[in-house]
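Structural characterization, general
Listed below, chain by chain, are the residues.
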Amino acid sequence: QVQLVESGGGLVQPGGSLRLSCAMSGVIPSMYHMGWYRQPPGKPREMVAVITSGGSITYEEAVKGRSTISRNSATTTMYLELNALTPEDTAIYYCKARHADWGTEYWGQGTQVAVSS
């Protein structure tokens, strides 16, 4: 059974940084595309960064250059580091895993990030 659990959210001051973690169980990284998504208040969910089963990485334009997605295959944990945070980064952040062949998707429950002074 696949389970994804995010952690690391909280209240951050503008200009600050944070590191989100997504602990995954039941997932073999080489068989899944993984990613971080976020849903700002009153807006639809959007992609932040994805890493394919082969290791290719794509970032959404708004976070490019100030974010890093990574994964530790040994611990099946995925990370998102976000720097130079602005209030526009305020959102619920979700991690997702999608089987590369079957397309089955799994989502975490989300972790709240609030950027405010």
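Focus: the environment of Ser17
Looking at where Ser17 falls in the secondary structure, it is placed in the loop between β2 (10–12) and β3 (18–25). For Ser17, a relative accessible area of 45% translates into the label partly exposed. For the pair Ser17 and Val115, spaced 98 residues apart in sequence, the C-alpha separation works out to 9.8 Å. In contact with Ser17, not counting residues within four places along its chain, are Val12, Leu82, Asn83, Ala84 and Leu85. Of note is the side chain of Ser17, whose polar atom sits 2.9 Å from the side chain of Asn83.

Overview of the pattern of salt bridges
Per the stated rule, a full pass over the model turns up six salt bridges. Ionic pairing is found between Arg38 and Glu46, a salt bridge with its closest N-O pair at 2.8 Å. Among the salt bridges present, the one from Arg38 reaches Glu60, with a minimum N-O distance of 3.9 Å. Of this pair, Arg38 sits in strand β4 (residues 32–39) while Glu60 sits in the loop between β6 (57–59) and β7 (67–72), placing them 22 residues apart in sequence. Classification of Arg38 by relative accessible area gives buried; the value is 3%. It is possible to trace a salt-bridge network through shared partners that takes in Arg38, Glu46, Glu60, Arg66 and Asp89.

Comments concerning the nonpolar core
Counting 26 residues, the largest nonpolar core has Trp36, Met78, Leu80 and Tyr93 as its most contacted members. Where this core is concerned, the elements lending two or more residues are β3, β4, β5 (46–51), β8 (77–82), β9 (91–99) and β11 (111–115). Sequence-distant contacts of Leu80, that is, excluding residues within four places in its chain, are made with Leu18, Arg19, Leu20, Trp36, Val48, Ala49, Ser67, Thr68, Ile69 and Tyr93.

Conventions used here
All residue numbers here refer to positions counted from 1 along the written sequence of the relevant chain. Residues qualify for local features only when their pLDDT is at least 70, as the model is predicted, and side-chain atom pairs are given and counted only at 80 or more; totals for whole chains, interfaces and linings, by contrast, use all residues. Only hydrogens and water are set aside; all other atoms, that is, all heavy atoms of the structure, feed into the side-chain values. Secondary structure follows DSSP: runs of H or I at least 4 residues long count as helices, runs of E at least 2 residues long count as strands, and numbering of each begins at the N terminus. With a 1.4 Å probe rolled over the protein chains alone, any residue whose accessible area is under 20% of its type maximum counts as buried; one over 50% counts as exposed, and the rest are partly exposed. We call two residues in contact whenever any of their non-hydrogen atoms come within 4.5 Å of each other. Two N or O atoms count as a polar contact when they lie within 3.5 Å, although within protein this holds only if one can serve as hydrogen donor and the other as acceptor, and sequence-adjacent residues are included solely when both atoms are side-chain atoms. When a carboxyl oxygen of Asp or Glu lies within 4 Å of a side-chain nitrogen of Lys or Arg, that pair is called a salt bridge. Throughout, nonpolar core names a set of buried Ala, Val, Leu, Ile, Met, Phe, Trp, Tyr and Cys residues whose side chains join them through atoms within 4.5 Å.

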